[in-house]
Amino acid sequence: LGVQNAHRRFFLSYAAPVLWNIAIITTLLWGGRHYGESRLAILLAIGSVIGSALQFAVQLPTVLRFLWPLRMHLGIGSQHVRTVVRNFFPVFVSRGVVQISAYVDSWLGSFLGTGAVAALAYAQTLYTLPVSLFGMAVSAAELPAMSSALGTTEEIAADLRKRLQYGLQQIAFFVIPSAVAFVVLGDVVVATIYRSGHFQHRDVIFVWAVLAGASVGLLASTSGRLYSSAFYALRDTRTPLKFAVIRVTLTFGLGYLCALPLPRMLGLDQRWGTAGLTFSAGLAGWLEYTLLRRAMNRRIGVVPGGSSRIAKQWAVALLAAAVGFGIKRVLPFHRPLLVGPCVLIPYAAVYLGLTHAMGIASMGAIQRALRRGRS
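Residues numbered from 1 in each chain as written. Predicted model: local features only at pLDDT ≥ 70, side-chain atom pairs only at ≥ 80, totals over all residues. Heavy atoms only, no water.

K.L.:
With reference to specific residues and values, describe empty space enclosed by the protein.
P.N.:
Tallied over the entire structure, the rule returns two cavities of 30 Å³ or more. By volume, the largest cavity amounts to about 170 Å³. No other element matches helix H8 (residues 116-147), which puts five residues into the lining of the largest cavity. Of the residues contributing to the lining of the largest cavity, the split by class is seven nonpolar, six polar and two charged. Looking at the second largest cavity, its volume works out to about 50 Å³. Considering the residues around the second largest cavity, the lining is formed by Ser-94, Val-97, Val-98, Ser-221, Gly-224, Arg-225, Ser-228, Arg-247, Glu-288 and Leu-292. Secondary structure elements with two or more residues in the lining of the second largest cavity: helix H7 (97-109), helix H12 (218-233) and helix H15 (273-300). In terms of residue count, H12 provides more of the lining of the second largest cavity than any other element does, four residues in total. Broken down by class, the residue content of the lining of the second largest cavity amounts to three nonpolar, four polar and three charged. (1 Å grid on protein atoms, 1.4 Å probe; cavity = no way out; pocket = protein on both sides within 12 Å on 5 of 7 lines; lining within 4 Å. Points joined across faces, edges and corners; volume = space filled by probe spheres on them. Helix = DSSP H or I, 4+ residues; strand = E, 2+ residues; numbered from the N terminus. Nonpolar A, V, L, I, M, F, W, Y, C, P; charged D, E, K, R; others polar.)

What follows is the structure, encoded as C-alpha cells:
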C-alpha cells in the first residue's frame, strides 16, 4: 500500500481486501454445509489466513514493477530507514486512533451485559465504512501530493491550504449524508444489512441507537485524518500523536461516565450505555479535530472552513432524510430487503440532485472523486 500510494496508485491497494472478504465468505458458504459451529470456526480462521495471502499476492506484481530491480539488504545505517523507524510509533498510534477508540469502547462494553459488545461490532462495521471509503481514501490520495509541495515556506503553506480545503470539501460531501442517514434512517440501514435469522426488530433498534451515537463524530474523525496527513507532509508526526493520545484518554473517561454511571442515574437499562459509549467517542473525535485544525492554522495560516457550504449540505441531507422517512412510513410492506432500496435510493438521489442544483457539487466532480483511486 505504501509503495503504491507513493506512486499515486490507490485503487488496487484499497480494493485488494475484497479478496480477504471473498475468502471468508467462501469458507462460510462451503463449510456451513458440511461442518458444525466448532469446526466452522477453525475453518474460518484458516480462510482468513488464505484471504490475507491473496490480498498480499494480488498487489505484488504491481509493487515489483515499481521497484524492479529489487535488491534487499538490511540498511540500518540509512537515514531513510532511521526516519521510518523514528516515525513509526507516532504514526501507528495517530493513524490507528479510530481502531484504538473502538477497542476501548468494546472493553467498556463488556461491562454492559449480554449483547453490548456484539451491538458495538455491528455498529462499528457500518460506521467505519465511510471512514475508510472517504476519510482514509482522500487522506491517502492527498498525502503524496502534499508531501511533494515545493517552493518557499509561503508557497508550500498556500498549496497545503488549497489541498486541505479541497479534501475537506470532498470528505464533507460524502460523510454528511452518511451521518444523517445513520441517525435518521439508521433502522433501515441496519435492517437491510443485518436483519435475518435471530437478528430481530429489537436488535435493529438497539444497533441503530449505537450507530447514531457513533455518527456524532463521523465528520470529525474523517476530516481529522486529512489534517493528520497534512502534518505528516510537513514531517511532523508528533503533533497528531499528542492529540490522538488526548482523544483516546477522553474516550476512556467520557465512555466510562456515559456507559456505566449515567444510565443508572437516568433510570435506563444498563445496556443503553452502549449508545453512550459511541456518543462520547464522537465528542472526543471532535476535540481531536479541533486541536488538529487550530494547530495547522497556526502553522500554515487559516484554512477556509466553508461553513456556508457545509450548512447547506447538512440542510439538504436532512431534507433528503425527511423524504426517505416519509417513504418508509407509507410503504405497504416491511421486508428489510425491499424497504432498504425503496428508502435509501431516493434519499441518495434527492441529496445528489439538490446539491447539484444548488451548485454545491457537480456530477462531474462527484464522478472524478469516485474515479480518483483508479488514476
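Once the structure has been displayed, the description carries forward.
K.L.:
Lay out the pattern of salt bridges in plain terms, naming residues and giving numbers.
P.N.:
Taken as a whole, this structure holds six salt bridges when the rule is applied. The closest approach of N and O atoms between Asp-159 and Arg-163, which form a salt bridge, is 3.8 Å. Of the two residues, Asp-159 and Arg-163 are both situated in helix H9 (residues 153-184); the distance of four residues between them amounts to about one turn of the helix. (Salt bridge = Lys/Arg side-chain N within 4 Å of Asp/Glu carboxyl O.)

K.L.:
Hey, could you go over the side chain of Thr-251 for me, with residue numbers and the actual values?
P.N.:
Within the secondary structure, Thr-251 is located in helix H13 (residues 238-259). With sequence-adjacent residues up to four places away left out, Thr-251 is seen in contact with Ser-101, Val-104, Asp-105, Ser-280, Ala-281 and Ala-284. (Contact = heavy atoms within 4.5 Å.)

K.L.:
A description of unusual backbone geometry should follow, citing residues and the corresponding values.
P.N.:
At the junction of Trp-68 and Pro-69, the peptide bond is cis and its omega measures out at -5 degrees in the coordinates. Along the polypeptide, Pro-69 turns up in the loop between helix H5 (60-67) and helix H6 (79-95). Phi is positive for Arg-235, which is not a glycine, with a value near 65 degrees. Take Arg-235: it is sitting in the loop between H12 and H13.

K.L.:
I'd like a description of the environment of Leu-1, backed by residues and values.
P.N.:
Following the sequence through the fold, Leu-1 ends up in the segment before helix H1 (2-6). For Leu-1 and Ala-16, which are 15 residues apart along the polypeptide, the C-alpha to C-alpha distance reads 9.8 Å. Filtering out sequence-adjacent residues up to four positions away, Leu-1 remains in contact with Ser-13, Tyr-14 and Gln-59.

K.L.:
I'd love a proper account of the packing of aromatic side chains, names of residues and values included.
P.N.:
Evaluation of the coordinates by the stated rule reveals twelve aromatic pairs. Summarising the aromatic geometry, the rings of Phe-206 and Trp-272 are spaced 5.4 Å apart at their centres and angled 80 degrees between planes, so their arrangement reads as edge-to-face. Placement of the pair is Phe-206 in helix H11 (residues 201-215) and Trp-272 in the loop between helix H14 (261-266) and H15, with a sequence separation of 66 residues. Under the relative-accessibility criterion, Phe-206 is labelled buried at 4%. Ring centres 5.8 Å apart and planes at 70 degrees place the aromatic pair Tyr-227 and Tyr-289 in the edge-to-face group. You can see Tyr-227 sitting in helix H12 and its partner Tyr-289 sitting in helix H15, a full 62 residues away along the chain. Using a relative accessible area of 14% as the deciding quantity, one classes Tyr-289 as buried. Through pairs of rings, three or more aromatic residues link up here, namely Phe-134, Phe-173, Phe-174 and Tyr-351. Its end group placed over the ring of Phe-206, Arg-271 keeps NZ or CZ at 4.1 Å from the ring centre. Here the guanidinium or amino end of Arg-271 rests over the ring plane of Trp-272, the centre of that ring lying 5.4 Å away. (Phe/Tyr/Trp six-rings, centres within 6.5 Å; stacked < 30°, edge-to-face > 60°. Buried < 20%, exposed > 50% of the residue type's maximum accessible area, 1.4 Å probe, protein only. Lys NZ or Arg CZ within 6 Å of the ring centre and 35° of its normal.)

K.L.:
Explain the nonpolar core to me, and be specific about the residues and the numbers.
P.N.:
Leu-164, Val-190, Tyr-227 and Tyr-347 are the most contacted members of the largest nonpolar core, which has 73 residues in total. With 14 residues, H9 is the single largest residue contributor to this core. For Val-190, the residues in contact, after removing those within four places along its chain, are Leu-126, Arg-195, Phe-199, Val-204, Val-207, Trp-208 and Leu-211. (Core = buried A, V, L, I, M, F, W, Y, C linked by side-chain atoms within 4.5 Å.)

K.L.:
Describe the side chain of Thr-222, naming the residues involved and giving the relevant values.
P.N.:
Its location among the elements puts Thr-222 in helix H12. In terms of polar contacts, Thr-222 uses its side chain to reach the backbone carbonyl oxygen of Leu-219, at 3.0 Å. Once you skip the residues sitting within four places of it in the chain, Thr-222 turns out to touch Pro-130, Val-131, Gly-135, Ile-171 and Val-175. (Polar contact = N/O pair within 3.5 Å; in protein donor to acceptor, adjacent residues only side chain to side chain.)

These figures come from the coordinates and say nothing about function on their own.
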